[in-house]
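What follows is each chain in one-letter form.
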Amino acid sequence: MEGAHENPAESSSSVPRFEEPAGSAGAPEVLPPEESEGCARSLDAAPKKLCGYLSKFGGKGPIRGWKSRWFFYDEKKCHLYYSRTAQDANPLDSIDLSSAVFDCKADAEEGTFEIKTPSRIITLKASTKQVMVYWLQQLQMKRWEFHSSPPAPPAVPDAALAANGPTLRLELEQEEAELEDFLCPVRTPPGLVGVAAALQPVPAMPLALQNISLKHLGTEIQNTMYNIRGNRQAQGTGHGPPGEDPPLSVEPWRTEQPLPSDPGTPGKDPADSPKSTPKSSLTANLIQKAKRQNSTFPFFAEGFTRTRTAQEKVLALEQQVLMLTKELKSQKELVRILHKALEAAQQEKRASSAYLAAAEDKDRLELVRHKVRQIAELGRRVEALEQERESLLQTAGLREQQVQELRRHVQLLMDKNQAKQQVICKLSEKVTQDFTHPPIQPPGPPGAANRDFLSQQEKMEHLKDDMEAYRTQNRFLNSEIHQVTKIWRRVAEKERALLMKCAYLQAKNCQVESKYLAGLRRLQEALGGEATECSELLKQLIQEALQWEAGEASADGVELSPISEYDEYGFLTVPNYEMEDLKLLAKIQALEVHSHHLLAHEAVERPLRERWAALGDLAPSVELKQLLRAGVPREHRPRVWRWLIHLRVQHLRSPGRYQELLNRGQVREHPATRQIELDLNRTFPNNKHFTCPTSSFPDKLRRVLLAFSWQNPTIGYCQGLNRLAAIALLVLEEEESAFWCLVAIVETIMPADYYSKTLMSSQVDQRVLQDLLLEKLPRLMAHLGQHHVDLSFITFNWFLVVFADSLISNILLRVWDAFLYEGTKVVFRYALAIFKYNEEAILRLQDGLEIYQYLRFFTKTICNSQKLMNIAFNDMNPFPMKQLQQLRMAHRERLQAELHELEQLKAEYLETRNSQGPAVPEGCTSEDEGEGDA
């Protein structure tokens, strides 16, 4: 009976303004003097407990019909329990109000209303219409109070939870004010609801058997035995001390009494409370409560005695003791949690110290296993949160369906109401016309006219009653739709908060796992090729870490955003390195990329998507430049790229040009066809769109490259153009758009003869990059020069294909977003940023061969796109285009001079060789002589 001790705290929650406490320790709540038209603002006192007798329709066969039931609300669980009488110890069943909606029908029997839950529909009937509306309003407010109450995590002190009280109170008062706009609060029906209703006799039924629940026959028998035992105990204690009330069968209600009101409440000043209460009395009461905890039903009020003043004061003090006990328990729980956190931190510190101080590998492996257990625990936490998210999603879906159903129902009612109003207007006009121009009727009996008039008047009264009923129903349903919509929005907000929390937890899990794999890799490097027991265990751990199946991750449905095998553009998520030693590094990289994506989703990507959605028509501007540098969301990227390409090629583009070039290729074969066919199979081997035999992308790429070879005969085809066109196809998907993207890059963005046979401009840019590296990163260049490392072997391909083979797709496409708008300056910025990003790692390498091996794949290890973008566009400033053009001009002149000198040397060599003539070394037979002999 743990809930019996907690419910007093629940009963102290905010009470609606139209509900005043009666029969409790608190004084009636004072209402503000606000009045609305047709609403009575002076309300009777209402109990804090929502309980009373209602008729419930149910049963099967011959006993199907209305059954009298005692209903009472549990604030903690948001359940409406019901039993046969108020004195029963165990409830027959309960109704979950947290996901329920309420409905009343004007054409149904008076006082009838429905509670609709996802699993069933419960039909109830109150004694009067006023009682029905009162129950509906109270149930609405209880449901809203349950959904508006903030969750109480154990790690938060009670003081912080108490600070939410005024906010919750303000929200409830605001909700009450909004509901008053739809349906004014009704007076509390005296004696029909609340604790006082239990003193009334049980409503009589035609048959005693009809009121018994055969579905819950076991509970009925238990309640009957409990009542008989309670009556015997009452008879046995009837001669107790004078002034002491005999214990009644409804004693379990004692634990549900509300807390005393504030000292400032009228009628409850400190002088009214007892100055001192004997400690023995309090102890005896607490012992009696502990004995009553064996009861399975803690929701009834205390016995309804005639003299309640002294008992109420004792109850108030007992409840204060319970509240203080509960507060002490929560404070102890907080201290326990803080102790656990401190122990965890100390344990982590000790583990780190032990790892650093461990002399043997066996100890270090034990620490690694400890980390594995921590990772498993984090995984279980993520799984629990995901299950909670799924339940919230289901609840939100049910709420949405209920709202739609209510809207359809309201629309039908409004149509029906409008039709009835039209009929009433016509009847009113007819009655008025009959009164003003009475029809000439033949003389009849004197009482006939009176009977007709009385019947018409009776019909008018019925119609007025129907109108009033439909008006009340319409107002209530409007308030129900309003509240259900607000609850649905609140649930959606909670779901978003849980999704964000899950994303951060999963990102943390990825980081921990990547650190674990990095630790395994370092241990592997430290052990080398030693064949020991530890090395075998380490090898087994590495193999288990590399066993990664994307299908299992997606089939579980547990992870919020599982790491799939391919990304959204078809590239492998885990890079397929050829070297066996780098496979572990590839898995670490995939985890790091996923972690950065999860952490940046809410903080960076969501605001970026909102800015793109609000941008409207595209036009060159500073804001667009900043947005393109930050990256274009996938849903906007095709539209943005088409606009950027149109800006570049609008002077070259003509309708039907692409199809014309394709037709030209069908007439005769281009000389570059063979080279194109060879390069098709080598285009992005790590992308499923170009490796799948059934994919249409290779055919599209072939047609785009052939069309370009006819569009620009001076270039025809150059190795690297296949990757540029492939990137355009992956984003734009249309052949013609990809073709014009390739034209824009080669003919308008890149300098002239960038893809010519001499690759003049490409060589010039490599020398310009060397100068910029010397200026921006002098320490790195000095280190590379010391080990005689030529960066052009690595960077030449970067510029030729705009990083298509180097960066992961998430970063690559962001580079292209800015590149298509700003031009080649972006390529220089990102080339410098890549070296800056990995500068420290390169400086740690002290061997030229080792540096070359690292530079082969180091661009694939870049995971943080936000950091790389900040380096490129912030740390690399100033970066004027004028400086870039001057460097290009200077290096072009030097390169042309070098090429001219080389041509002169070549011509001199050929001239010297020709002047000497063909000579046959002595002792050798010339070819002519050999042929003559033959």
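Residues numbered from 1 in each chain as written. Predicted model: local features only at pLDDT ≥ 70, side-chain atom pairs only at ≥ 80, totals over all residues. Heavy atoms only, no water.

Draft legend 1. Main features of the overall build of the protein. The number of helices and strands found in the protein is 30 helices and 7 strands. Counting only residues that meet the buried cut, the protein has 43% of its 934 residues in that class. A separation of at least 24 residues holds for 74% of the contacts in the protein among residues at least 6 apart in sequence. (Helix = DSSP H or I, 4+ residues; strand = E, 2+ residues; numbered from the N terminus. Buried < 20%, exposed > 50% of the residue type's maximum accessible area, 1.4 Å probe, protein only. Contact = heavy atoms within 4.5 Å.)

Draft legend 2. Main features of the environment of C78. Among the structural elements, C78 can be located in the loop between β2 (65–74) and β3 (79–83). Under the relative-accessibility criterion, C78 is labelled buried at 0%. Those residues in contact with C78, other than ones at most four positions away along the chain, are Y73, I95, D96, L97, S98, K142, R143 and F146.

Draft legend 3. Seen up close, the pattern of salt bridges. According to the stated counting rule, one finds 31 salt bridges in the structure shown. Across the pair E635 and R609 runs a salt bridge whose closest N-O atoms are separated by 3.1 Å. Of this pair, E635 sits in the loop between α13 (622–630) and α14 (637–649) while R609 is found in helix α12 (residues 583–613), placing the two residues 26 residues apart along the sequence. E735 is the salt-bridge partner of R703, the closest N and O atoms lying 2.6 Å from each other. One end of the pair, R703, is in helix α18 (residues 697–711); the other, E735, is in helix α20 (residues 735–749), with 32 residues separating them in the sequence. Judged by relative accessible area, R703 falls into the partly exposed class, the value being 33%. On the accessibility criterion, E735 (17% relative accessible area) is buried. When salt bridges that share partners are traced, they join D103, K105, E114, K116 and E405 into one network. (Salt bridge = Lys/Arg side-chain N within 4 Å of Asp/Glu carboxyl O.)

Draft legend 4. Highlighting the pairing of strand β1 (residues 51–58). In terms of burial, β1 is a largely internal element, 7 of the 8 residues being buried. Taken together, the 8 bridges between β1 and β2 define a ladder with antiparallel strand orientation. Bridging across to β2, S55 finds its partner in S68. Pairing between β1 and strand β7 (residues 121–125): 2 bridges, direction antiparallel. Across the sheet, K56 pairs through a bridge with L124, a residue of β7. (Pairing = 2+ DSSP bridges.)

Draft legend 5. Spotlight on the nonpolar core. Judged by nonpolar contacts, the single largest core of 116 residues is most densely connected at L721, I745, Y755, F803 and F835. Residues contacting L721, with those up to four places away along its chain left out, are L705, F708, I715, L742, V746 and Y755. C78, I122, V403 and L406 belong to the second-largest nonpolar core, a separate cluster that totals 36 residues. (Core = buried A, V, L, I, M, F, W, Y, C linked by side-chain atoms within 4.5 Å.)

Draft legend 6. Molecular detail of the packing of aromatic side chains. Summed over the entire model, instances satisfying the criterion amount to 20 aromatic pairs. Between Y754 and Y755, the ring centres sit 5.6 Å apart and the planes meet at 55 degrees, which makes this aromatic pair tilted. Judged by its relative accessible area of 1%, Y754 is buried. On the basis of relative accessible area, Y755 is assigned to the buried category, the value being 2%. On the numbers, 5.6 Å between centres and 85 degrees between planes, the contact of Y830 with F873 is edge-to-face. Taken together, the residues span a long stretch of sequence, with Y830 in helix α25 (residues 825–837) and F873 in helix α28 (residues 865–875) at a distance of 43 residues. The class of Y830 is buried, set by a relative accessible area of 2%. Classification of F873 as buried rests on a relative accessible area of 5%. Its end group placed over the ring of Y569, R634 keeps NZ or CZ at 5.2 Å from the ring centre. One residue, K700, lies across the ring of F697, its end atom 5.2 Å from the ring centre. (Phe/Tyr/Trp six-rings, centres within 6.5 Å; stacked < 30°, edge-to-face > 60°. Lys NZ or Arg CZ within 6 Å of the ring centre and 35° of its normal.)

Draft legend 7. The arrangement of the side chain of K825 in detail. Along the chain, the position of K825 falls in helix α25. Among buried charged residues, K825 stands out as having no salt bridge; its nearest opposite-charge side chain is E822, 4.5 Å away. Discounting chain neighbours no more than four positions away, the residues touching K825 are F879, M881 and L884. (Lys, Arg positive; Asp, Glu negative; His and termini not counted.)

Draft legend 8. Seen up close, a nonpolar patch on the surface. On the surface, L217, I221, M225 and I228 cluster together to form a nonpolar patch covering roughly 360 Å² of accessible area. Here I221 lies in helix α5 (residues 217–236). (Patch = residues over 30% accessible without salt bridge, like charges linked within 9 Å, V, L, I, M, F, W, Y side chains within 5 Å. Areas by Shrake-Rupley, 256 points an atom, 1.4 Å probe, with all protein chains shown as cover.)

Draft legend 9. Just unusual backbone geometry, in detail. Of note, the bond from N877 into P878 is cis; its omega dihedral lies within 30 degrees of zero at 0 degrees. By secondary structure assignment, the location of P878 is in the loop between α28 and α29 (881–916). Look at F684: it is not a glycine, yet its phi comes out positive at around 45 degrees. Of the residues examined, F684 reaches a relative accessible area of 2% and is grouped as buried. Notably, H788 is not glycine yet its phi reads approximately 55 degrees, a positive angle. Take H788: it is sitting in the loop between α22 (778–786) and α23 (792–801).

Draft legend 10. How the structure looks around the pairing of β3. Most of β3 is tucked away: 5 of the 5 residues are buried. Residue alternation in β3 divides its side chains into two sets, H79, Y81 and S83 and L80 and Y82, and both sets are buried. Sheet topology places β2 next to β3; 5 bridges connect them, and they run antiparallel. By the bridge assignment, W70 is partnered in β3 with S83. Following β2, the chain reverses through 4 residues before pairing antiparallel with β3; C78 in that reversal takes a positive phi of roughly 60 degrees. Pairing geometry for β3 and strand β4 (residues 93–96), over 4 bridges, is antiparallel. Bridge pairing links Y81 to S94 in β4.

Draft legend 11. Structural detail: the sheet that holds β4. If you trace the 7 strands from one edge of the open sheet to the other, you get β4-β3-β2-β1-β7-β6-β5, paired in antiparallel fashion. Taken across any chain shown, the strands that pair with only one partner, and hence form the sheet edges, are β4 and β5 (101–104). Strand-to-strand, the axes of this sheet are offset by a mean angle of 35 degrees, without reference to chain direction. Sheet topology note: the strand β6 (residues 112–116)/β7 ladder contains 5 bridges and is antiparallel. (Axes fitted to C-alpha atoms, helices over the stretch in contact; angles between N-to-C directions.)

Draft legend 12. Expanded view of helix α24 (residues 809–822). Taking 1.5 Å as the rise per residue, α24 with 14 residues should run 20 Å; its terminal C-alpha atoms sit 20 Å apart, in good agreement. Among the 14 residues of α24, 12 are classified as buried, and the element is accordingly described as predominantly covered. Taken residue by residue, α24 has S809, I811, L812, L813, R814, V815, W816, D817, A818, F819, L820 and E822 as its buried positions. The first or second residue beyond α24 is G823, which carries a positive phi of 100 degrees. (Expected span 1.5 Å × (residues − 1).)

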